[in-house]
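# Summary of structural features
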Amino acid sequence: MGPEQNNQYTEAGLRELRRNCIMHVDMDAFFVSVELRTRPDLIGKPVIVGFPADRSVVLSASYEARAFGVKSAMPMAVAVRMCPQAVIIEPRHKLYYEVSAQLMQIFHSITDLVEPLSVDEAFLDVGGAIRRLGPPREIGELIRRRVSAELGITASVGIAASKFVAKIASTRCKPDGLLLISPDETVPYLHSLPVGALWGIGAKTADVLARMGIRTVADVAATPVTSLKKVLGATGEHVYRLSWGIDARPVTPVRLEKSIGAEETFAVDTGDDAVISRELLRLAHRTAGRLRSSGSVARTVALKLRYADFSSITRSRTVHTPVDSAQLIHGVALQLLEALGPRPMTVRLVGIRAEQLEEAAQTSLQLSFDRRDDNWRAAEHALDQVSRKFGNKSVLPASLLDPGGPR
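Described below are features of the structure shown in this document. (Residues numbered from 1 in each chain as written. Predicted model: local features only at pLDDT ≥ 70, side-chain atom pairs only at ≥ 80, totals over all residues. Heavy atoms only, no water.)

### Notes on the sheet that holds strand 4 (residues 87-89)
- The strand order across the open sheet built from 3 strands is 3-2-4, with neighbouring strands paired in mixed fashion. Looking at which strands have only one partner, the edges of the open sheet turn out to be strand 3 (60-61) and strand 4.
- Of the strand pairs in this sheet, strand 2 (residues 47-49) and strand 4 are connected by 3 bridges, and their pairing is parallel. Among the inter-strand pairings, V49 is bridged to a residue of strand 4, identified as I89. (Pairing = 2+ DSSP bridges. Helix = DSSP H or I, 4+ residues; strand = E, 2+ residues; numbered from the N terminus.)

Dropping the structure here:
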């Protein structure tokens, strides 16, 4: 449909199309798909993105690997047992965030109403684009074509009258599909689904509901709200409303991530301060690099420790001047670590998170009285330029070089 035809929509016609203009667009096995662009020989084979260490987790799995039961966030050791023939590719986070930025540019060229949920998915309200680009289904197909042509990956698109139903639609049409659920089809479609399709219903809650004879969304819809509240508490009414397709939340544009961070599980639990400090420096560089690539600075730095017994502790500190430098972030993290005092046991995992983000362009970064701080910023910006040209591991701080590696 050309622009001239689009301008011929009547107001009544536009209102009808805009009843069903919420999209959920989700990439298919995003990290794997990005890697396969340069590894076409692996297309059609089981592929896992993640670090090969036993205590690492699966970050992304191809659909061929998923056929063996492999899932995201699964321990790598379990995934390898399930699918020993899988090809394991170490992640390239910087590349994924670059592709994510290109993806969001495509979304924003369609509509200003974009609500990112993660690096590879977002809600879009395309009601304002109908005159220019056609009905929602055509806009959804346009997005899929552009993602394929410009990024070399595939997207699944769900279209509905609400965010909740659009998310269900995109999940049900994966991979590489499009599903539009009209307002009139919404309730019958939802009532055909298992209860686990509802947001907030995990495996344990589903088991509790099953003991009450509630196994489908239709069963939830037929259950009095008071009964659901007794089992689910305050969320009972919310779940009941979802079972009837009622979700009035608008698509809310979000320009900045709420926080940016990274964490790592040690191959062996450790109590060595030097090992922990070195890993925190590595994580600080990952976090700072993402801050700079997104044009953000952080006012708060948070430290996370997970002990050998899987208990976790988090501490944070707000800094006087927003930061995007790894050395400054690392310094705050070490202060937080020291403030914890003696640790009760060895550490399994460490993490750093930058919070209270602001746009760097809108923030005045004061020059530090300690010129070394400004020198670090300049050095890290130079490192960004080298990394963009030669790859993430071209230049590293000397303290992060493998002491056993080549000299």
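The rest of the description comes next.
### Some points on a nonpolar patch on the surface
- Together, V208, M212 and V231 make up an exposed nonpolar region whose accessible area comes to about 200 Å².
- Its place among the elements puts V208 in helix 11 (residues 203-211).
- Of the residues examined, V208 reaches a relative accessible area of 31% and is grouped as partly exposed. (Patch = residues over 30% accessible without salt bridge, like charges linked within 9 Å, V, L, I, M, F, W, Y side chains within 5 Å. Areas by Shrake-Rupley, 256 points an atom, 1.4 Å probe, with all protein chains shown as cover. Salt bridge = Lys/Arg side-chain N within 4 Å of Asp/Glu carboxyl O. Buried < 20%, exposed > 50% of the residue type's maximum accessible area, 1.4 Å probe, protein only.)

### Some remarks on the side chain of S33
- Relative to the elements of secondary structure, S33 occurs in helix 3 (residues 30-36).
- Polar side-chain contacts of S33 include one of 2.5 Å to the backbone oxygen of D28.
- Residues contacting S33, with those up to four places away along its chain left out, are D28 and I153. (Polar contact = N/O pair within 3.5 Å; in protein donor to acceptor, adjacent residues only side chain to side chain. Contact = heavy atoms within 4.5 Å.)

### Some words on the packing of helix 6 (residues 93-110) against helix 8 (residues 136-151)
- Where helix 6 contacts helix 8, the axes come no closer than 11 Å and their chain directions differ by 150°. The two elements helix 6 and helix 8 meet at a crossing, and its hand is right-handed. Of the residues in helix 8, those in contact with V99, Q102, L103, I106, F107, S109 and I110 of helix 6 are I139, L142, I143, R146, V147, E150 and L151.
- In the contact of helix 6 with helix 8, the residues fall into 10 nonpolar, 2 polar and 2 charged. (Axes fitted to C-alpha atoms, helices over the stretch in contact; angles between N-to-C directions. Left-handed = near helix turned anticlockwise from the far one by under 90°. Nonpolar A, V, L, I, M, F, W, Y, C, P; charged D, E, K, R; others polar.)

### Brief notes about the pattern of salt bridges
- Across all of its chains, the model carries 16 salt bridges by this definition.
- A salt bridge links K174 to D28; the nearest nitrogen and oxygen atoms lie 2.8 Å apart. With a gap of 146 residues between them, K174 in the loop between helix 9 (163-172) and strand 8 (178-180) and D28 in the loop between strand 1 (22-27) and helix 3 connect regions that are remote in the sequence.
- Judged by its relative accessible area of 25%, K174 is partly exposed.
- As a salt-bridge pair, R343 and D273 come within 2.4 Å of each other at their nearest N and O atoms. Here R343 is found in the loop between helix 16 (326-339) and strand 12 (347-359), whereas its partner D273 is found in helix 15 (residues 273-293), with 70 residues between them in sequence.
- A residue is classified by how much of its surface remains accessible, and R343, at 21% relative accessible area, is partly exposed.

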